[in-house]
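Reading the structure
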Amino acid sequence: MAIKKILFVCTGNTCRSPLASAILKDKADFVEVRSAGIHAALNMPASDGTKAVLKERNLSTDHASQPLSKELLRWADLVLTMTAAHKQSIIAMFPDEKHDHVYTLKEFVDPDAKEIDIADPFGGSIDVYRQTADEIEKYIDEVIRKIEEKGMEGRRRERNLIV
């Protein structure tokens, strides 16, 4: 199955998942991207640190938080969480839903990764937010590479079937 819809999940949907969403939207126009939070309030703006880092990168700072829902989980072809605890929360919150498309961002990129959490910058300095954005961007670049590789493999298979 092609990955066309990606959902990023963190805790409050004001720091990490909005950063990830804005970065991926800027780099990959071939996917739809949304974000949500395990414990998010509805319609909260991104944190000041997130907005500042996004502004520095000339990325959209337009964001309104939303709690994770069954509908969002079903909407996504791929759900990327910021921590293993977020992934476990999704499984616990929605036990009757499929979970084979839910990964931490790091484990999707590297299934053998020993450290799979991206630390929450909430309350940290602007430098902490920059470091978090840099870390997220590094993994998003790999997500894009993996999706593009899968797409190329699919096109090669189609071509081979036609010949």
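Nothing here was measured: the structure is a model prediction, and the numbers come from that model. (Residues numbered from 1 in each chain as written. Predicted model: local features only at pLDDT ≥ 70, side-chain atom pairs only at ≥ 80, totals over all residues. Heavy atoms only, no water.)

1. A look at the overall build of the protein
Tallying secondary structure elements over the protein gives six helices and four strands in all. Order of helices (α) and strands (β) in the protein, N terminus to C terminus: β-α-β-α-α-β-α-β-α-α. For the protein, whose C-alpha radius of gyration is 16 Å, the value lies close to the compact-globule estimate of 15 Å for 163 residues. Principal-axis analysis of the C-alpha atoms places the extent of the protein at approximately 55 × 35 × 30 Å. Sequence separation of 24 or more characterises 73% of the internal contacts of the protein that already satisfy a separation of 6 or more. When the accessible area of the protein is evaluated, it comes to approximately 9000 Å², of which 50% is carbon and sulfur surface. Between the averaged position of the 24 positive side-chain charges in the protein and that of its 27 negative side-chain charges there is a distance of 3 Å. (Helix = DSSP H or I, 4+ residues; strand = E, 2+ residues; numbered from the N terminus. Rg over C-alpha atoms; globule rule 2.2 N^0.38 Å. Contact = heavy atoms within 4.5 Å. Areas by Shrake-Rupley, 256 points an atom, 1.4 Å probe, with all protein chains shown as cover. Lys, Arg positive; Asp, Glu negative; His and termini not counted. Charge placed at Lys NZ, Arg CZ, Asp CG, Glu CD.)

2. A short note on the environment of Phe8
Mapping Phe8 onto the fold places it in strand 1 (residues 5–10). A relative accessible area of 0% places Phe8 in the buried class. Expressed as a C-alpha distance, the spacing of Phe8 and Asp134, which sit 126 residues apart in the sequence, is 16 Å. The residues touching Phe8, leaving out its near neighbours within four places in the chain, are Ser17, Ala20, Ser21, Leu24, Val33, Arg34, Ser35, Ala36, Leu80, Met82, Leu105 and Ile140. (Buried < 20%, exposed > 50% of the residue type's maximum accessible area, 1.4 Å probe, protein only.)

3. Regarding the pattern of salt bridges
Counting across every chain of the model gives 14 salt bridges. Where Lys27 meets Asp141, a salt bridge forms, and the shortest distance between an N and an O atom there is 2.8 Å. Within this pair, whereas Lys27 is found in helix 1 (residues 16–27), its partner Asp141 is found in helix 6 (residues 126–162), the two being separated by 114 residues in sequence. The partly exposed category is assigned to Lys27, whose relative accessible area is 35%. For Asp141, a relative accessible area of 32% translates into the label partly exposed. The structure contains a network of salt bridges with shared partners spanning Lys27, Arg57, Asp134, Glu137 and Asp141. (Salt bridge = Lys/Arg side-chain N within 4 Å of Asp/Glu carboxyl O.)

4. Things to note about the pairing of strand 2 (residues 32–37)
Summarising the sheet, strand 1 and strand 2 pair through six bridges and their orientation is parallel. Among the inter-strand pairings, Ile6 is bridged to a residue of strand 2, identified as Val33. Crossover handedness for the path strand 1 to helix 1 to strand 2: right-handed. (Pairing = 2+ DSSP bridges. Right-handed = clockwise from strand over helix to strand, strands pointing away.)

5. Thoughts on the nonpolar core
Within the largest apolar cluster, 31 residues are counted, with the highest numbers of intra-cluster contacts made by Ile6, Phe8, Leu24, Leu105 and Ile136. Put simply, the parts of the chain that give this core at least two residues each are strand 1, helix 1, helix 2 (48–56), strand 3 (78–81), helix 5 (105–109) and helix 6. Per-element tally for this core: the top contributor is helix 6, with eight residues. In contact with Leu105, other than residues within four places in its own chain, are Phe8, Leu80, Thr81, Met82, Ile118, Ile136, Tyr139 and Val143. Among the nonpolar cores identified, the runner-up in size contains 13 residues, and Leu7, Ala36, Ala76 and Val79 belong to it. (Core = buried A, V, L, I, M, F, W, Y, C linked by side-chain atoms within 4.5 Å.)

6. Thoughts on helix 1
Taking 1.5 Å per residue, 12 residues should reach 16 Å; helix 1 reaches 17 Å between its end C-alpha atoms and fits that length. Counting buried residues along helix 1, nine of its 12 residues qualify, which places the element largely inside the surrounding structure. Turning to helix 1, its buried residues number three or more, namely Arg16, Ser17, Pro18, Leu19, Ala20, Ser21, Ala22, Ile23 and Leu24. (Expected span 1.5 Å × (residues − 1).)

7. With respect to the sheet that holds strand 1
Reading across from one edge, 2-1-3-4 is the order of the four strands in this open sheet, with parallel pairing throughout. At either end of the open sheet lies a strand with only one pairing partner, and these are strand 2 and strand 4 (102–104). With strand direction ignored, the average angle separating the axes of adjacent strands in the sheet is 25°. Of the strand pairs in this sheet, strand 1 and strand 3 are connected by four bridges, and their pairing is parallel. Bridging from a neighbouring strand, Val9 pairs with Thr81 of strand 3. Sheet contacts for helix 4 (residues 84–93): strand 1, strand 3 and strand 4; angle to strand 4, the most-contacted strand, approximately 160°. (Axes fitted to C-alpha atoms, helices over the stretch in contact; angles between N-to-C directions.)

8. Looking at the confidence of the model for the protein
Looking at the protein as a whole, the pLDDT averages 93, with 92% of positions reaching at least 70. A low-confidence stretch, residues 155–163 (pLDDT under 50), is modelled with zero contacts involving residues beyond four sequence positions or located in other chains. (pLDDT = per-residue confidence, 0-100.)

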